[in-house]
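# Geometric and topological summary
Spelled out, the chains give:
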Amino acid sequence: MRDSGRRQGDMAKQADQLQQGEQAQPTTTQNTWDAAQPTSQPSAALAAAEEALLATLPIPVERHEVSVNGTRLHYLTCGDPNGEPLLLLHGRGSAASLFAPILPQLAAQRRVIALDLPGWGLSDKPPFQGHTAQDALNVWMGGALGLLDALGLDRVDMLGHSMGGFTALGLALDHPDRVNRLLLVDAGGLSRNAQFDVRLYFWLKPERFNRLFGPKFLRYALRRDNPHGMGEMATSGPLFDLLYAVMSQTGVIPSGGRAFDAWVDIWGVHMTFLDRLKQLQAPTLLLWGERDMIVRYSDALVATRHMPHARLVAFTGCGHSPFWERSDDFARVALVWLNGGGAPSRV
C-alpha cells in the first residue's frame, strides 16, 4: 500500500438494461470489471481537492492504495489504529473523502476506514462488463471485502450512504460473519420505486452536466435536494470544491456509472432487498433525512418494520446527506449507538 494522489480518465460507453423487479439473492462476489483494459491516471484536480479538504480537519487522515483483483483502490484511515474498525462506504458519484465532516468525531472513538468504491473517487475505473444489478453489487461488495482482507480485518462495523448503504446491506446479508453492526444512511435497496426525476437525473449522468455547466449547476442540484440545510457547503469552501471535482469527472460514466445503471436506470429500480430484510442478523441503525427527495423517509419507515434488530432515526430538516447537513448531531447519534446506547426516533 502506498500514499495516493493520482487518478483515472475516460473509457467506453453506456449501459445495458435489464428487466424490473429482480430481487437480491445470496451470491458469491466476483470480478466483472475489464481489469485487463488499461486505465488512465487518477485526476490530479481531484487528488489536490481531497488533499486540500483533509488539510482543514483537526486530525491527521492518511491516504492509501491497495490492489484488489487487479483493481487499484484508494482509501483513507484515521483514528486509533488499534481501535474498533468502522468501514465507511459512500454513495453514487461520491468518494470516501466526502465523509470529512464526520471523520474527526468518529476518529475520536473508532479506527475509521473510508473506501473509494471500485469505479468511483480516486480508485480505478475499468469499464463495467456486467449486465445485472447483482453484477454491479458484486463489484462493490468485492472491493469492500478485498480491502478488509488486505487489512486483515475479519469483522467490522459498517456505515453505508445511499449506494454505499445498498452495498453495506448486501454485505450484511450475504456475508453476516463480516459485519458486526450496520448503519444505513439514506440507503438504497429498500424500495422497488424511485421518483422519475431522480432516475432521469442519474441516467443522463450528472457528471456530464456538472462538467458542461460548471459549479452553479451542482449548487442548484444540492439546494434542490435540501433548500434548508446545505448552508455554506453548497456555495463555497474546500468541501464544495471536492464535491465538484468528484461529481464532474466523466471517467466514472463507463465504470461506476454504468454499474449503477444496471441497478437503477430510467426504467426503474432493478434490485431490492425487501424480501430478505427479515434475514438480517446485524443490529441496524437507519439514519435518514426526513426531507430526502432521493430515497424517501417513508421507504425507511416501511423497511424498518421488516428488520429484526433495527432502529430508525429521522434528522429533522435534512435531505439525502444528514452527515453533511448536521454533522455533529449525526456523529453523536451514531457513536452512542455503536457504543451500546440507544437512539432517538428524531433529532
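In what follows, the accompanying structure is described. (Residues numbered from 1 in each chain as written. Predicted model: local features only at pLDDT ≥ 70, side-chain atom pairs only at ≥ 80, totals over all residues. Heavy atoms only, no water.)

### Focus: the nonpolar core
General note: in soluble globular proteins, nonpolar side chains tend to be found buried as a group. Filter applied, for reference: Grouping buried Ala, Val, Leu, Ile, Met, Phe, Trp, Tyr and Cys residues that are joined through side-chain atoms within 4.5 Å yields what is termed a nonpolar core. Classification of residues uses two cut-offs on accessible area relative to the type maximum, computed with a 1.4 Å probe and protein chains only: under 20% is buried, over 50% is exposed, and between them is partly exposed. Counting from the N terminus, the helices are the DSSP runs of H or I reaching at least four residues and the strands are the DSSP runs of E reaching at least two. Any two residues whose heavy atoms approach within 4.5 Å are treated as being in contact.
L87, W140, L182 and W263 are the most contacted members of the largest nonpolar core, which totals 61 residues. Sorting elements by how many residues they give to this core places helix 3 (residues 133-150) first, with 10 residues. With residues near it in sequence (within four places) discarded, L182 still touches M158, A168, L169, A172, L280, A282, P283, T284, L285 and W337. If you look at the next biggest cluster of nonpolar residues, it comprises 52 residues, including L86, L88, L243 and V313.

### Some thoughts on the sheet that holds strand 9 (residues 284-289)
Where we set the bar: Strands pair, by our definition, only if DSSP identifies at least two bridges between them. Where helices are involved, their axes are fitted lines through C-alpha atoms of the stretch in contact, as for all axes, and angles between N-to-C directions lie from 0 to 180°.
One open sheet holds the 8 strands; their spatial order is 1-2-4-3-5-6-9-10, and the pairing between them is mixed. Of all strands in the sheet, those with a lone pairing partner are strand 1 (62-68) and strand 10 (310-315), marking the two edges. In this sheet, neighbouring strand axes are inclined to one another by 20 degrees on average, regardless of whether the strands run parallel or antiparallel. For strand 3 (residues 85-89) and strand 4 (residues 111-115), the ladder comprises 5 bridges, and the chain directions are parallel. Within strand 4, the position partnered with L88 by the bridge is A114. Where helix 3 meets the sheet, it contacts strand 1, strand 2 (71-79), strand 3, strand 4 and strand 5 (156-161), and its direction lies at approximately 105 degrees from that of strand 1. Packing of helix 10 (residues 297-305) onto the sheet brings it into contact with strand 9 and strand 10, and relative to strand 10 it is tilted by some 165 degrees.

### As for unusual backbone geometry
The backbone phi angle of N69 is positive, close to 50 degrees, even though this residue is not glycine. Within the chain, S162 stands out as a residue other than glycine whose phi angle is a positive 55 degrees. One can find S162 in the loop between strand 5 and helix 4 (163-174).

### As for the side chain of S191
Going by this rule: Identification of polar contacts relies on pairs of N or O atoms within 3.5 Å, with a donor-acceptor requirement for protein atoms, meaning one able to donate a hydrogen and the other able to accept it, and with residues adjacent in sequence counted only if both atoms are side-chain atoms.
On the secondary structure map, S191 appears in the loop between strand 6 (179-185) and helix 5 (196-204). Residue classification places S191 among the buried residues on the basis of a relative accessible area of 14%. At a separation of 3.0 Å, a polar atom in the side chain of S191 contacts the main-chain carbonyl oxygen of N193. Apart from the residues lying within four places of it in its own chain, the contact partners of S191 are V269, T272, L274 and D299.

### Regarding the packing of helix 3 against helix 4
What counts, and what does not: Angles below 35 degrees are treated as roughly parallel, those above 145 as roughly antiparallel, those between 65 and 115 as roughly perpendicular, and all remaining angles as oblique. When residues are grouped by polarity, Ala, Val, Leu, Ile, Met, Phe, Trp, Tyr, Cys and Pro land in nonpolar, Asp, Glu, Lys and Arg in charged, and all others, Gly among them, in polar.
With their axes 9 Å apart at the nearest point, helix 3 and helix 4 run at an angle of 75 degrees to one another. One way to sum up the angle between helix 3 and helix 4 is to call them roughly perpendicular. Between helix 3 and helix 4, the contacting residues are L137, W140, M141, A144 and L145 on the first element and M163, F166, T167, G170, L171 and D174 on the second. Tallied by class, the residues present in the contact of helix 3 with helix 4 amount to 8 nonpolar, 2 polar and 1 charged.

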